[in-house]
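Notes for the structure review
What follows is the residue order along each chain.
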Amino acid sequence: MRIVLVGPPGAGKGTQAAFLAKNLSIPHISTGDLFRANISQQTDLGKLAKSYMDEGNLVPDEVTIAMAKDRMEQPDAVNGFLLDGFPRNVSQAEALDQALKADGVELDGVLDLEVPEDEVVKRIAGRRICRNDSSHVFHVTYSPPKKEGVCDVCDGELYQRDDDTEETVRKRLEVYHTQTEPIIDYYGAQGLVVTISALGKVDEVTKRAMDALKGQS
Ligand code: AP5
Ligand code: ZN
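Residues numbered from 1 in each chain as written. Chains lettered and ligands numbered in written order. Predicted model: local features only at pLDDT ≥ 70, side-chain atom pairs only at ≥ 80, totals over all residues.

**Quick look at the UniProt feature "binding site: ATP" (unreviewed entry) in the protein chain**
Under the UniProt annotation, the feature "binding site: ATP" (unreviewed entry) is placed at G10, A11, G12, K13, G14, T15, R127, V137, F138 and G200. Tracing the backbone through its elements, the reader meets A11 in the loop between strand 1 (2-6) and helix 1 (13-24). Given 23 C-beta atoms within a 10 Å radius, A11 is considered buried. Not counting chain neighbours up to four residues away, the residues in contact with A11 comprise L113, V115, V120 and A198. Along the chain, the position of K13 falls in helix 1. Using a count of 24 C-beta atoms within 10 Å as the deciding quantity, one classes K13 as buried. Those residues in contact with K13, other than ones at most four positions away along the chain, are L5, G7, D84, G85 and L113. (UniProt positions renumbered as here; feature names shortened; annotations may be inferred. Helix = DSSP H or I, 4+ residues; strand = E, 2+ residues; numbered from the N terminus. Buried ≥ 20, exposed ≤ 12 C-beta atoms within 10 Å, placed from the backbone. Contact = placed C-beta atoms within 7 Å.)

**Some remarks on the sheet that holds strand 6 (residues 137-139)**
Pairing is antiparallel in the open sheet, where 3 strands are placed in the order 6-5-7. Both outer strands of the open sheet, strand 6 and strand 7 (158-159), are each paired with one neighbouring strand and no more. Inspection of the sheet shows strand 5 (residues 127-130) paired to strand 6 by 3 bridges, in the antiparallel sense. The residue of strand 6 that forms the bridge with R127 is H139. (Pairing = 2+ DSSP bridges.)

**Some details on the site of ligand 1**
Taken together, the neighbourhood of ligand 1 is formed by 37 residues, with P9, G12, G14, G32 and G85 sitting nearest. Listed by contribution, the elements that provide at least two residues to the shell around ligand 1 are helix 1, helix 2 (31-40), helix 3 (44-53), helix 6 (117-125), strand 6 and helix 9 (202-214). (Near = placed C-beta within 6 Å.)

**Considering the sheet that holds strand 4 (residues 109-114)**
Strand order in this open sheet of 5 strands is 2-3-1-4-8, and the pairing throughout is parallel. Each end of this open sheet is capped by a strand with a single partner; those strands are strand 2 (28-30) and strand 8 (193-197). For this sheet, the mean angle separating the axes of adjacent strands, direction not counted, is 25 degrees. (Axes fitted to C-alpha atoms, helices over the stretch in contact; angles between N-to-C directions.)

**Side note on the packing of helix 1 against helix 9**
Viewed as axis vectors pointing N to C, helix 1 and helix 9 meet at an angle of 50 degrees, and their least axial separation amounts to 10 Å. Overall, the two elements helix 1 and helix 9 adopt an arrangement that is oblique. Seen along the crossing, helix 1 lies across helix 9 with a hand that is right-handed. When helix 1 is examined against helix 9, the residues T15, Q16, F19, L20 and N23 are found in contact with a partner set consisting of V202, V205, T206, A209 and M210. Looking at side-chain class alone, the contact of helix 1 with helix 9 contains 6 nonpolar, 4 polar and no charged residues. (Parallel < 35°, antiparallel > 145°, perpendicular 65-115°, else oblique. Left-handed = near helix turned anticlockwise from the far one by under 90°. Nonpolar A, V, L, I, M, F, W, Y, C, P; charged D, E, K, R; others polar.)

**So, the UniProt feature "domain: Adenylate kinase active site lid" (unreviewed entry) in the protein chain**
Mapped onto the present numbering, the UniProt feature "domain: Adenylate kinase active site lid" (unreviewed entry) falls at residues 127-163. Helix makes up 0% of residues 127-163 and strand makes up 24%, while its end C-alpha atoms are separated by 11 Å.

**Concerning helix 5 (residues 90-102)**
In this model helix 5 runs 18 Å from its N-terminal to its C-terminal C-alpha over 13 residues, within 8% of the 18 Å that 1.5 Å per residue would give. Taken together, the buried positions of helix 5 are Q92, A93, A95 and L96. Looking down the long axis of helix 5, one finds its buried residues gathered within 160 degrees of arc, a one-sided arrangement. Exposed and oriented more than 90 degrees from the buried face of helix 5 are Q98, K101 and A102. (Expected span 1.5 Å × (residues − 1). Arc of directions from axis to C-beta.)

**Comments concerning the pairing of strand 5**
Alternating positions in strand 5 separate into two faces, R127 and I129 on one and R128 and C130 on the other, with burial throughout. Hairpin connection from strand 5 to strand 6: 6 residues lie between these consecutive antiparallel strands. Pairing of strand 5 with strand 7 involves 2 bridges; the strand directions are antiparallel. When the sheet's bridge partners are listed, C130 is paired in strand 7 with L158.

**Re the environment of K146**
Relative to the elements of secondary structure, K146 occurs in the loop between strand 6 and strand 7. Residue class for K146 comes out exposed when judged on the 8 C-beta atoms lying within 10 Å of it. Sequence separation between K146 and V63 is 83 residues, and the spatial gap between their C-alpha atoms is 39 Å.

**Examining the environment of V150**
Structurally, V150 can be placed in the loop between strand 6 and strand 7. When sequence neighbours within four positions are dropped, the list of residues in contact with V150 reads P145, D155 and L158.

Here it is, written out as structure tokens:
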């Protein structure tokens with residue numbers, strides 16, 4: 001299956017993607033995670049991306065599209081993938097369509113996670129991520145680690161993202177509304193969008209998502 005996950009910052013895209021990718025046996029491709037890996041390795045791409053991410057702005061399309069395409073061409077993504085955080089505007093969606101068309105394949109669905117803004121802010125404020133593996137995500141009240149500041153899975157150090165400040169979150173939400181939400185209409189016109197509520201327990205949301213995707217396959 002080829003799926004795009006869309007939703008505001010803090011909606012739970014990364015959290016859900018980890019479970020959905022496992023259930024569907026497809027790789028989870030997160031452009032945010034790819035940028036953060038480049039930042040921690042201090043690559044030129046990482047340095048460029050950081051200057052945009054710290055302000056809550058989108059990284060320029062040219063480098064983002066090239067990075068995403070490169071990842072989608074890896075052998076593990078030949079039969080499908082779950083895209084998280086890409087595409088993030090209509091130009092990226094058009095570039096993805098062109099790339100898929102060139103390969104003679106299509107998207108199966110676009111899963112839109114809906115969460116009220118006050119909940120998003122709470123989720124982001126309490127988020128803590130493992131330095132060893134970005135799929136190990138915790139929340140100080142909703143899913144606290146057994147030992148404060150330490151990852152339950154691998155004992156790695158938990159940290160708060162640089163772009164999780166109140167000011168940057170406000171900017172990221174604005175960018176989401178103005179630049180990313182239009183892709184829901186773009187894909188809606190192709191009959192690909194399924195919208196679900198991302199409120200409730202993580203496993204309840206996963207079940208809702210799996211049920212919604214079954215209708216798309
Ligand atoms: P990115 O990393 O994609 O961030 P985002 O879209 O802002 O989304 P988040 O990672 O903040 O949230 P999430 O929805 O994954 O939530 P999570 O599962 O962690 O992008 C960051 C930046 O990179 C962008 O601002 C941009 O600069 C750049 N970038 C990335 N892609 C780009 C692109 N395509 N083009 C240009 N620039 C790009 O959950 C949040 C918290 O809530 C966690 O603590 C979790 O434990 C908790 N939680 C999750 N689900 C639940 C639940 N059901 N109940 C209670 N708590 C929950
Ligand atoms: Zn860990």
